[in-house]
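In case you want the letters, here they are:
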Amino acid sequence: MALRPILIAPDPRLKQKSAPVEGPVTDAHRALMDDMLETMYAAPGIGLAAIQVGEPVRIIVMDLAREGEPPAPRYFVNPQILWASEETQPYEEGCLSVPEIFDEVERPARVKLRYRNYSGDEVEEDAEGLFAVCIQHEMDHLEGVLFLDHLSRLKRESALRKLKKAKKDAAETLQHRL
Ligand code: NI
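Attention in this report is confined to the structure presented alongside it. (Residues numbered from 1 in each chain as written. Predicted model: local features only at pLDDT ≥ 70, side-chain atom pairs only at ≥ 80, totals over all residues. Heavy atoms only, no water.)

## Details of the pairing of strand β5 (residues 98–108)
Two faces belong to every sheet, and in a regular strand the side chains alternate between them.
Then comes step 1: Direction of pairing for strand β4 (residues 88–95) relative to β5: antiparallel, over a ladder of seven bridges. Residue pairing for β5: T88 is matched across the bridge by P108.
Then comes step 2: Linking β4 to β5, which pair antiparallel, is a turn of two residues. (Pairing = 2+ DSSP bridges. Helix = DSSP H or I, 4+ residues; strand = E, 2+ residues; numbered from the N terminus.)

## Some points on the coordination of the nickel ion
Then comes step 1: Looking at the metal site, the nickel ion is ligated by C95 (SG), H137 (NE2) and H141 (NE2), spaced 2.1 to 2.3 Å from it.
Then comes step 2: Every donor residue of the nickel ion comes from the same chain, spaced as C-x41-H-x3-H. Here H137 pairs with H141, and both are found in helix α2 (residues 129–142), just four residues apart, close to one helical turn.
Then comes step 3: When its relative accessible area of 1% is taken as the criterion, H141 is described as buried. (Donors = N, O, S within 2.8 Å, 3.2 Å for Na, K, Ca; no water. Buried < 20%, exposed > 50% of the residue type's maximum accessible area, 1.4 Å probe, protein only.)

## Some points on the layout of surface pockets
Once rolled over the atoms, a probe with the size of a water molecule shows which space is left empty.
Then comes step 1: Reported here for the largest pocket is a volume of approximately 410 Å³.
Then comes step 2: For the largest pocket, the lining is made up of 23 residues, of which I46, E93, G94, C95 and F102 are closest to its centre.
Then comes step 3: Secondary structure elements with two or more residues in the lining of the largest pocket: β4, β5 and α2.
Then comes step 4: With six residues, α2 is the largest single contributor of residues to the lining of the largest pocket.
Then comes step 5: Within the lining of the largest pocket, the residues separate by chemical class into 13 nonpolar, six polar and four charged. (1 Å grid on protein atoms, 1.4 Å probe; cavity = no way out; pocket = protein on both sides within 12 Å on 5 of 7 lines; lining within 4 Å. Points joined across faces, edges and corners; volume = space filled by probe spheres on them. Nonpolar A, V, L, I, M, F, W, Y, C, P; charged D, E, K, R; others polar.)

## A closer look at unusual backbone geometry
Then comes step 1: Cis geometry marks the peptide bond from A9 to P10, where omega comes out at -5°.
Then comes step 2: If you trace the backbone, P10 turns up in the segment before α1 (27–42).
Then comes step 3: The peptide bond linking A43 to P44 adopts the cis configuration, its omega dihedral lying at -10°.
Then comes step 4: By secondary structure assignment, the location of P44 is in the loop between α1 and β1 (47–49).
Then comes step 5: In this structure, N78 takes a positive phi of about 50° despite not being glycine.

This is the structure in structure tokens:
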């Protein structure tokens, strides 16, 4: 397993649409999922899409275990939403590719999913609560969509300004570390 650098917005790679895994889930896909999980735990975060480590493929990892609970890694290959509730719920979202910024996003409260797991088996599952929030957030990444894109233009532009400034400050700090 290896840590991978996480792409930070605004980065054009985060805007691209990820391609499905064609054919079986292979050891190469599992190696990517292992790297993604390790990277997510180290960050730390609760969900990560492959494009966030620069791989434009429809793979997501997640672990919603609370602090003190044993790890509960989950893997989603080619996830699809088969059904979404009309009822929505707001949640204060953040993102490993959008550091330090949190804002409320409203999404369907419950969804029915189909995906392939780590072994490549097809699974159908209902999601609600934080699981529903997280899988919809991560699936947005597969379409090149960030949670910022769900906010008002004013909020999104202010967030992007903050991100650009943080990147510039980080670059200047590096220069000074010569
Ligand atoms: Ni995210």
